[in-house]
Amino acid sequence: MKAKQPLSIVKMKQMKVNKEPITMMTAYDYPSAALVEEADMDIILVGDSLGNVVLGYDSTLPVTIDDMVYHTRAVRRGAPHTFIVADMPFMTYHSSVSETMKDVRRLMQEGHANAVKMEGGSEIALMVDACVKAGVPVLGHIGLTPQSVHQLGGYRVQGKTPEDAARLLDDALTLERAGAFAIVLELVTDQVAAYISERLSIPTIGIGAGASCDGQVLVFHDVLKYTPAYREKRFVKTYADIGSTIRESMQNYVKDVKQRSFPAQSHAFHADDVVLDSLYGHGKVE
Ligand code: KIV
């Protein structure tokens, strides 16, 4: 069978024209990436949400470029044929173009990503432009931008006032002009997301931004309830309850080992008599 070809940014634009939805899912390690690739996902995002769902932080702010490179490499090993976007972590693309480029280089050369994602609007247009000119595809991200959670005053829906809607549109158009190949719209009211999607020639990929975006993204651990304490989120559809399955499996394993019902004979490897004779001597007790 011919190996799957990763999606290209040219094909993504064509998908928007053809009204074919783009699918994107986060992944952070080898097995999740391999399973996501098997499902024929268009794009894998190695999101800095790994800070929350994998590393146990209460925000994405502590995630470092080393964390991102490490996880992106693992994802690439699991998904060699999928277009992979890696997040630029908090404050790695705000000081200077040359500092930004160092970290972009690491995600592409060491992590083997196809593209990077940056949160923000007009204020990061210069960095987006520099990356694109250097040949690096950039995915924008506006609306609720978790790296600015303290500035935004919490994880709130965006685009609820005329000023906010106008700012989001302006940011989207600026990112498009700067060369972003697509834009994530996170927690944006669905009509504003629909309007922005119509006004752009590049695809929008929504999370909590309604059905009119050109694609959808969700967080792997949310979709599978793969977390010790799952909190319902209105914009997430859960497809499995892996958290409960893992919890019950671990409890059953503990019980089995404590009760000596695991391992059974069928799980053990048996030595030949000659070995037993050498250990116990002839006439071993049966
Ligand atoms: O880090 C992440 O997972 C993201 C998605 C929520 C879009 O940015």
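This text goes with the structure placed above it.
Residues numbered from 1 in each chain as written. Predicted model: local features only at pLDDT ≥ 70, side-chain atom pairs only at ≥ 80, totals over all residues. Heavy atoms only, no water.

In terms of burial, strand β6 (residues 182-186) is largely enclosed, as five of its five residues are buried. Side-chain alternation along β6 places Ala182, Val184 and Glu186 on one buried face and Ile183 and Leu185 on a second face that is also buried. Where strand β5 (residues 138-143) lies against β6, five bridges are found, and the strand directions are parallel. Paired with Gly140 across the two strands is Ile183, which belongs to β6. In the sheet, β6 pairs with strand β7 (residues 204-207) via four bridges, with the strands oriented parallel. Residue Ile183 lies in a different strand from β7, and its bridge partner there is Thr204. In this view, the connection linking β6 to its parallel neighbour β7 by way of helix α9 (residues 190-199) has right-handed handedness. (Buried < 20%, exposed > 50% of the residue type's maximum accessible area, 1.4 Å probe, protein only. Helix = DSSP H or I, 4+ residues; strand = E, 2+ residues; numbered from the N terminus. Pairing = 2+ DSSP bridges. Right-handed = clockwise from strand over helix to strand, strands pointing away.)

The strand order around the closed barrel built from eight strands is β1-β2-β3-β4-β5-β6-β7-β8, with neighbouring strands paired in parallel fashion. The average angle at which neighbouring strand axes cross in this sheet is 25°, direction not considered. As paired elements, strand β1 (residues 22-26) and strand β8 (residues 215-218) share four bridges and run parallel to each other. Its bridge partner being in β8, Met24 is matched across the sheet by Val217. (Axes fitted to C-alpha atoms, helices over the stretch in contact; angles between N-to-C directions.)

This brings us to the environment of Thr26. Among the structural elements, Thr26 can be located in strand β1. You can call Thr26 buried: its relative accessible area is 2%. Residues Thr26 and Val36 lie ten residues apart in sequence; the distance between their C-alpha atoms is 8.7 Å. Contacts of Thr26, omitting those with residues within four sequence positions, involve Val36, Leu45, Ser49, Leu218, Val219 and Phe220. At 2.9 Å, the side chain of Thr26 and the side chain of Tyr28 are in polar contact. A polar atom in the side chain of Thr26 sits 2.9 Å from the backbone nitrogen of Phe220. (Contact = heavy atoms within 4.5 Å. Polar contact = N/O pair within 3.5 Å; in protein donor to acceptor, adjacent residues only side chain to side chain.)

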